[in-house]
Amino acid sequence: MQEVTETKKQSFLSGLTGQIIIAMVLGAVLGIILHNTISPEAAQLFSGKIKMLATIFIRLVQMIISPLVFTTLVVGIAKLGDIKTVGRIGGKAIGWFFTASFISLLIGLFYVNVLQPGVGLKLEHVDMAAASEVTGKTQNLSFDNFVEHIVPKSIVEAMATNEILQIVVFSIFFGLAAASLGETVKPIIGAFDKLSHIVLKMVNYVMKFAPIGVFGAIAGVFAIRDAEELVITYFKFFGSFLIGISTLWVILILIGYIFLKGRMTELLRRITGPLAIAFGTTSSEAVFPKLTEELEAFGVKDKIVSFMLPLGYSFNLDGSMMYMTFASIFIAQFYNVHLDLGTQMAMLLVLMLTSKGIAGVPRASLVVVAATCGMFDIPIEGIALILPIDHFCDMFRSATNVLGNALATSVVGQWEDNKE
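If you're wondering where the values come from, they're calculated on a predicted model, not measured in any experiment. (Residues numbered from 1 in each chain as written. Predicted model: local features only at pLDDT ≥ 70, side-chain atom pairs only at ≥ 80, totals over all residues. Heavy atoms only, no water.)

**What to know about the overall build of the protein**
Next, step 1: Secondary structure assignment for the protein yields 20 helices and 0 strands.
Next, step 2: Buried positions account for 52% of the 420 residues belonging to the protein.
Next, step 3: Put simply, 87% of the contacts in the protein that link residues at least 6 apart link residues at least 24 apart.
Next, step 4: If you sum the accessible surface of the protein, you get close to 18,700 Å²; carbon and sulfur atoms cover 65% of it. (Helix = DSSP H or I, 4+ residues; strand = E, 2+ residues; numbered from the N terminus. Buried < 20%, exposed > 50% of the residue type's maximum accessible area, 1.4 Å probe, protein only. Contact = heavy atoms within 4.5 Å. Areas by Shrake-Rupley, 256 points an atom, 1.4 Å probe, with all protein chains shown as cover.)

Shown next, in the form of structure tokens:
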């Protein structure tokens, strides 16, 4: 028994998840030590350099996302066979995504009103200049821009900028056209299928760099942030956020057990690695290829995974949705801007629409929050209030996005299996 336990322990430590957890701890320890021993200027310089490790890892992943989404989605739609099947599965997917988004927004709305983390809060030395990077992007966030953002004017441009939603739109049209031509395009679909497997093989090489990327990301943050000061200053905000995100996790996992029964335990085990990577790098995009592999290994048909995951990364960001209502009303509370229930529900519906399809935008959640604040006469510079703690919130919401997409794909996959 002891030998088995030792073997499991060694397996965990040598596995990707164990390596990432070790990298997180080492990164945090190094960052805290340097923060307390070197000058702020030196710490800032170190942070910028060490974060390059995380940047390199994320760029390696981004390098393969566009070809992976395009090839797998086209092959998936071609395998689904016809517009009727695509429409049926797409309808289930969109229904799930919008329901999950609405629940996530409601949870954020509930906890920020009950716990009121922004009421009576006193924050000094708020860095307004740091918020300009985010608030500067809000001028481009409008309904017209949202519609234009969905439809690509060039698939090459969409792939070059990793606009997942635009790639999805082009791939759906391409896949449906290929499916309608039947046997004549089989060689092309076969070539795309082989190409997707080559890209997935690249994933195995890229993921070996994940612990180093996580180490760089964590060390860089702790080197310039005073952990103790952040805990004291933002205790109520971060504590309230964790209560909300924990509630969302409980609901998602319970829903998983309702639909998947005992298989939900296996799903959670399989996505532990992707969850850890998303948590450490604050990027749910970084685990897209690995999550594809794990869901197929879990038993979801490749055509369902190929169709659902790209859609999910554009429409199903549960953790980000919960954070958006929470952060928007937190800022209103800080500035004593009263929002009645009707106004808050209108804000919820605005967030439901404006948040779709911007996963590729850096600090996308903050951009949407800033734009929403502007619409409801909440001081847009309030974004500066949450910037110091946003990285840590982003760790949790990125992991939550991964859980939500894994669950949605698995449940829709099971529905289709039962139908067949």
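**Concerning the UniProt feature "transmembrane region" (unreviewed entry) in the protein**
Next, step 1: In the numbering used here, UniProt assigns the "transmembrane region" (unreviewed entry) feature to residues 12–36, 56–81, 93–112, 164–185, 205–225, 237–260 and 366–387.
Next, step 2: Split by type, residues 205–225 is 86% helix and 0% strand. Its first and last C-alpha atoms lie 32 Å apart.
Next, step 3: End C-alpha to end C-alpha, residues 366–387 measures 9 Å, and it is 68% helix and 0% strand. (UniProt positions renumbered as here; feature names shortened; annotations may be inferred.)

**Notes on the packing of aromatic side chains**
Next, step 1: Scanning the entire structure with this criterion turns up 19 aromatic pairs.
Next, step 2: The interplanar angle of 70 degrees and the centroid separation of 5.4 Å between the aromatic rings of phenylalanine 70 and phenylalanine 192 together place this pair among those described as edge-to-face. Taken as a pair, phenylalanine 70 in helix H3 (residues 40–80) and phenylalanine 192 in helix H9 (residues 186–207) lie far apart in primary sequence, 122 residues in all.
Next, step 3: For phenylalanine 70, a relative accessible area of 11% puts it in the buried group.
Next, step 4: Owing to a relative accessible area of 16%, phenylalanine 192 belongs among the buried residues under this scheme.
Next, step 5: Put simply, the rings of Tyr234, Phe237, Phe238, Phe241, Phe279, Tyr323, Phe326, Phe330 and Phe396 touch in pairs and so form one group of aromatic residues.
Next, step 6: The ring of phenylalanine 298 has arginine 263 sitting right over it, with the charged end atom 4.1 Å from the ring centre.
Next, step 7: Over the face of the ring belonging to tyrosine 323 we find arginine 397, whose NZ or CZ atom lies 4.1 Å from the ring centre. (Phe/Tyr/Trp six-rings, centres within 6.5 Å; stacked < 30°, edge-to-face > 60°. Lys NZ or Arg CZ within 6 Å of the ring centre and 35° of its normal.)

**Points about the packing of H3 against helix H15 (residues 288–298)**
In a packed pair of helices, the relevant descriptors are the angle between the two axes and the axis-to-axis distance.
Next, step 1: At their nearest, the axes of H3 and H15 sit 9 Å apart, and the two run at 55 degrees to each other. Here H15 runs oblique to H3, going by the angle between their axes. Mapping the contact onto sequence places Val61, Ile64, Leu68 and Val69 in H3 and Phe288, Pro289 and Thr292 in H15.
Next, step 2: When its residues are assigned to classes, the contact of H3 with H15 shows 6 nonpolar, 1 polar and no charged. (Axes fitted to C-alpha atoms, helices over the stretch in contact; angles between N-to-C directions. Parallel < 35°, antiparallel > 145°, perpendicular 65-115°, else oblique. Nonpolar A, V, L, I, M, F, W, Y, C, P; charged D, E, K, R; others polar.)

**A word on helix H4 (residues 83–115)**
Next, step 1: Here H4 is 33 residues long and its end C-alpha atoms lie 47 Å apart, about the 48 Å a rise of 1.5 Å per residue gives.
Next, step 2: Just beyond H4, the residue with positive phi is glutamine 116, at close to 45 degrees. (Expected span 1.5 Å × (residues − 1).)

**Some details on the pattern of salt bridges**
Next, step 1: Enumeration over the complete set of coordinates arrives at 9 salt bridges.
Next, step 2: Ionic pairing is found between glutamate 416 and arginine 88, a salt bridge with its closest N-O pair at 2.6 Å. Placement of glutamate 416 in helix H20 (residues 383–419) and of arginine 88 in helix H4 is noted, with a sequence separation of 328 residues between them.
Next, step 3: Look at glutamate 416 and you get buried, because its relative accessible area is 3%.
Next, step 4: One salt bridge connects lysine 186 with glutamate 183, and the closest N-O pair in it is separated by 3.6 Å. (Salt bridge = Lys/Arg side-chain N within 4 Å of Asp/Glu carboxyl O.)

**Here's the deal with helix H17 (residues 318–334)**
Next, step 1: In this model, H17 (17 residues) spans 25 Å end to end at C-alpha, consistent with the 24 Å of a helix rising 1.5 Å per residue.
Next, step 2: Of all the 17 residues making up H17, 17 are buried; the element is thus mostly covered by neighbouring parts of the structure.
Next, step 3: Downstream of H17 by one or two residues, asparagine 336 has phi in the positive range, about 60 degrees.

**Overview of the side chain of serine 398**
Next, step 1: As for its placement among the helices and strands, serine 398 is situated in helix H20.
Next, step 2: Among the residues examined, serine 398 registers a relative accessible area of 3% and is labelled buried.
Next, step 3: Engagement of the side chain of serine 398 in a polar contact is seen with the backbone oxygen of threonine 282, the distance being 3.3 Å.
Next, step 4: Setting aside anything within four residues of it in sequence, one finds serine 398 in contact with Ala278, Thr282, Ser283 and Ser284. (Polar contact = N/O pair within 3.5 Å; in protein donor to acceptor, adjacent residues only side chain to side chain.)

**What to know about the packing of H15 against helix H16 (residues 302–315)**
Next, step 1: Relative orientation of the contacting elements H15 and H16 amounts to 145 degrees, with a least axis distance of 10 Å. Every pair of crossing elements has a handedness; the one defined by H15 and H16 is right-handed. Of H16, the residues touching H15 (which contributes Phe288, Leu291, Thr292, Leu295 and Glu296) are Asp302, Val305, Leu309, Pro310 and Tyr313.
Next, step 2: Per-class residue counts for the contact of H15 with H16 are 7 nonpolar, 1 polar and 2 charged. (Left-handed = near helix turned anticlockwise from the far one by under 90°.)

**Here's the deal with a nonpolar patch on the surface**
Next, step 1: Taken together, the side chains of Met63, Leu195, Ile198, Met202 and Tyr205 define a hydrophobic patch exposed on the protein surface, amounting to about 490 Å² of accessible area.
Next, step 2: The dominant element in the nonpolar patch, judged by the number of residues it contributes, is H9, at 4 residues.
Next, step 3: Examined against the element boundaries, isoleucine 198 turns out to sit in helix H9.
Next, step 4: Its relative accessible area of 53% is what places isoleucine 198 among the exposed residues. (Patch = residues over 30% accessible without salt bridge, like charges linked within 9 Å, V, L, I, M, F, W, Y side chains within 5 Å.)

**A short note on the environment of leucine 387**
Next, step 1: Tracing the backbone shows leucine 387 in helix H20.
Next, step 2: Expressed as a C-alpha distance, the spacing of leucine 387 and leucine 366, which sit 21 residues apart in the sequence, is 8.7 Å.

**Notes on the environment of leucine 353**
Next, step 1: Among the structural elements, leucine 353 can be located in helix H18 (residues 341–354).
Next, step 2: Considering only alpha carbons, one finds leucine 353 and phenylalanine 315, 38 residues apart in sequence, at a separation of 9.6 Å.

**Notes on the side chain of glutamine 344**
Next, step 1: With respect to the helices and strands, glutamine 344 occurs in helix H18.
Next, step 2: Among all residues touching glutamine 344, those that are not within four sequence positions of it are Leu109, Asn113, Ile329 and Leu339.

**Considerations on the confidence of the model for the protein**
Next, step 1: Looking at the protein, the pLDDT average stands at 82 and 86% of residues meet or exceed 70.
Next, step 2: The low-confidence segment residues 1–13, where pLDDT is below 50, has 6 contacts with residues more than four positions distant or belonging to other chains. (pLDDT = per-residue confidence, 0-100.)

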